[in-house]
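Geometric and topological summary
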Amino acid sequence: MSSVRNRNESAWLLPNDGTRTNHALRRDMRRFDDRDELDLLVVGCGAGGSVLLQRLARAGWKVAALDAGPFWDPDTDWVSDEAGSHHLYWTEPRVISGSDPVPLGSNNSGRGVGGSMIHYAGYTPRFHPSDFRTFTQNGVGADWPIGYGDLRSYYQEIEEELPVAGEKWPWGDPHTYPYRPHPVGGNGELFLRGADKLGITAKVGPVAIVNGRFGNRPHCIYRGFCLQGCKVNAKASPLITHIPDALAHGAEVRPDCMVTHIEVDEHTGRATGVHYVRDGVPRFQKARMVAIAGYSIETPRLLLNSASKRFPDGLCNDFDQVGRYLMVQGAPQTAGRFDAEVRMYKSPPPEVSSEDFYETDPAKPYQRGFSIQTVSPLPITWAEHIAAQGHWGAALREYMSDYVHWSCLGALCEFLPQPGNRVTLAEETDRHGLPVANFSYSQCENDTRLMKAAQSVMEDILHAAGADEVITIGRYAHLVGGARMAADERHGVVDAGCRTFAVPNLYITDGSVLPTQGSANPALTIMAVTARAADQLTG
Ligand SMILES: Cc1cc2nc3c(=O)[nH]c(=O)nc-3n(C[C@H](O)[C@H](O)[C@H](O)COP(=O)(O)OP(=O)(O)OC[C@H]3O[C@@H](n4cnc5c(N)ncnc54)[C@H](O)[C@@H]3O)c2cc1C
Ligand code: SF4
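Attention in this report is confined to the structure presented alongside it. Computed from a prediction, not measured in an experiment: that's the story for all the values here.

Remarks on unusual backbone geometry
Leave glycine aside and you will find that most residues have negative phi; peptide bonds, for their part, are mostly trans. In this chain, L162 is followed by P163 through a cis amide linkage whose omega measures -20 degrees. As for its placement among the helices and strands, P163 is situated in the loop between α7 (148-161) and α8 (186-198). For the peptide bond that leads from G205 to P206, omega is -15 degrees, which places it in the cis range. Positionally, P206 belongs in the loop between β4 (203-204) and α9 (238-241).

Listed below in structure tokens is the structure:
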């Protein structure tokens, strides 16, 4: 494999003078006119969109990405403060429904160049080989039209580009990481201690946080603000891992542009460009090819809002697949109190994980499994944890003043893809007059059983580590699916190369295409799937 700098020079294009943004690169970037016919236009500049943009720019394509949010500057736009970070989230209106509605509108998804990875935690595990054939293996979920082996080399590439630090990984397809594991703080130590006492394997990592120096990116300084946007440039996000290289190779990034409609020629059935709104003005950008990468809720919404005479039920929706099989992971969170001070804020929240419970155990009353990770909430999120337990007033104050004594673990439970868990269009409209997404979600029995099992293991670990009190709350994390990859158009929206079945020059390259989710955090897989699609496009 060629050296990472030969493939992607982003980390070397960042400044080395204590500031975080290469302003000259942005000032001098190529700018296209709306009438220029781009080789490919990307909608959304997050995990998937940025990797595609960088790969195609490197291959000499005329490419631009439009994002609804700003082009962030970590020095001026972000603060190491929980209350001051809400502007990082996608807070446009969305409707929720179903028997287990998933709260949206806070920190579920991001906006702006870098997407949700600006404020993601930083865990970057691979999926297991079993995730690609859960139906054949366990009779649940769906088989992917590709296998783990198709993604292995792309996982390695992206792990080098972020880069990822962690111990030798024993689960799934065992592998190593390019950077050694970080030292752990109090929360990580307690997880390791409790797991060891119970014979559970837990390992440090895998996190996309620089351990050492990488190009002009400095070492992590362990201040714990990863979920507020890393002002240091130590935590990976596409804003620093892929966008600088894309700009240096002639791509344009056009921020503050909300795409409202994909235009398809009624006669040829091919995409011709996108309608978007910038500064309140409707515009149209011509393109020979379009890729949508707007996140699991906004991508299906955009397809449904792009209905036309040729696609009356929504673009690519002739087989009623758009918006379906949207998944969220069950993410119960267990806190344990220790007499000694833990000070869980004094390190990155992502530190230690266990995938011992990831695979189906035939002795258990459920299929598939869960992973466990340190989460380390900061004070406001800690208050939400306590309040969700029903503590208010004096009791809440008491728990808050005891914050330094608490440790916190989170599970990711593999909730199954179901056709009824889907995005449709609501009657409510947004400030552009577009119908907003209605996300309906209901758990199945397997989901509920997984949540209970994960809670019990996390409580056992914290008790084994010496906790005298444990409290668990229910939560959700990570939305994927909604325009899934499948073998044919009756079962999904895109093929194995992320090309839509219905429109030959329209691609989807974000988390929407995942048919299953495992109990792994999804960003690395989204980037690897996109890198593979880019290879096929340019190869
Ligand atoms: C609090 C939190 C913690 C997380 N922690 C982890 C973690 O530790 N590890 C992990 O792997 N994952 C984590 N995730 C999830 C991960 O960040 C996402 O799964 C991933 O970034 C999704 O990638 P994407 O390409 O699908 O979309 P995004 O990265 O969300 O990118 C979508 C982009 O599209 C833009 N957009 C949307 N609609 C339009 C439109 N109509 N026009 C123009 N632009 C548009 C948005 O502004 C956004 O920038 C976390 C997420 C959250 C919210
Ligand atoms: S703990 Fe490290 S990775 Fe997280 S925000 Fe601070 S410097 Fe960045």
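Quick notes on the sheet that holds strand β15 (residues 422-429)
With mixed pairing, three strands are arranged side by side in an open sheet as β3-β16-β15. What marks the edges here is a single partner per strand, and that holds for β3 (95-97) and β15. Strand-to-strand twist in this sheet, taken as the mean axis angle between neighbours without regard to direction, amounts to 30 degrees. Here β3 pairs with strand β16 (residues 435-440) via three bridges, running parallel. Paired with S97 across the strands is S440, a residue of β16. The sheet strands contacting helix α11 (residues 298-305) are β15 and β16, and the helix crosses β15 at an angle near 65 degrees.

Focus on the site of ligand 2
In the region of ligand 2, the neighbouring residues are I209, C220, I221, Y222, R223, G224, F225, C226, C230, V232, K235 and P348. When its residues are assigned to classes, the shell around ligand 2 shows nine nonpolar, one polar and two charged.

Points about the pattern of salt bridges
Here the structure, examined in full by the defined rule, presents 31 salt bridges. Residue D39 pairs with R288 through a salt bridge whose shortest N-O separation is 3.5 Å. With D39 in the loop between α3 (23-27) and β1 (40-43) and R288 in the loop between β8 (281-286) and β9 (290-292), the pair connects residues that are 249 residues apart, well separated along the chain. The class of R288 is partly exposed, set by a relative accessible area of 39%. Salt-bridge contacts for R422 lead to D320; the nearest nitrogen and oxygen are separated by 3.2 Å.

About the thresholds
- Residues numbered from 1 in each chain as written.
- Chains lettered and ligands numbered in written order.
- Predicted model: local features only at pLDDT ≥ 70, side-chain atom pairs only at ≥ 80, totals over all residues.
- Heavy atoms only, no water.
- Helix = DSSP H or I, 4+ residues; strand = E, 2+ residues; numbered from the N terminus.
- Pairing = 2+ DSSP bridges.
- Axes fitted to C-alpha atoms, helices over the stretch in contact; angles between N-to-C directions.
- Contact = heavy atoms within 4.5 Å.
- Near = heavy atom within 4 Å.
- Nonpolar A, V, L, I, M, F, W, Y, C, P; charged D, E, K, R; others polar.
- Salt bridge = Lys/Arg side-chain N within 4 Å of Asp/Glu carboxyl O.
- Buried < 20%, exposed > 50% of the residue type's maximum accessible area, 1.4 Å probe, protein only.

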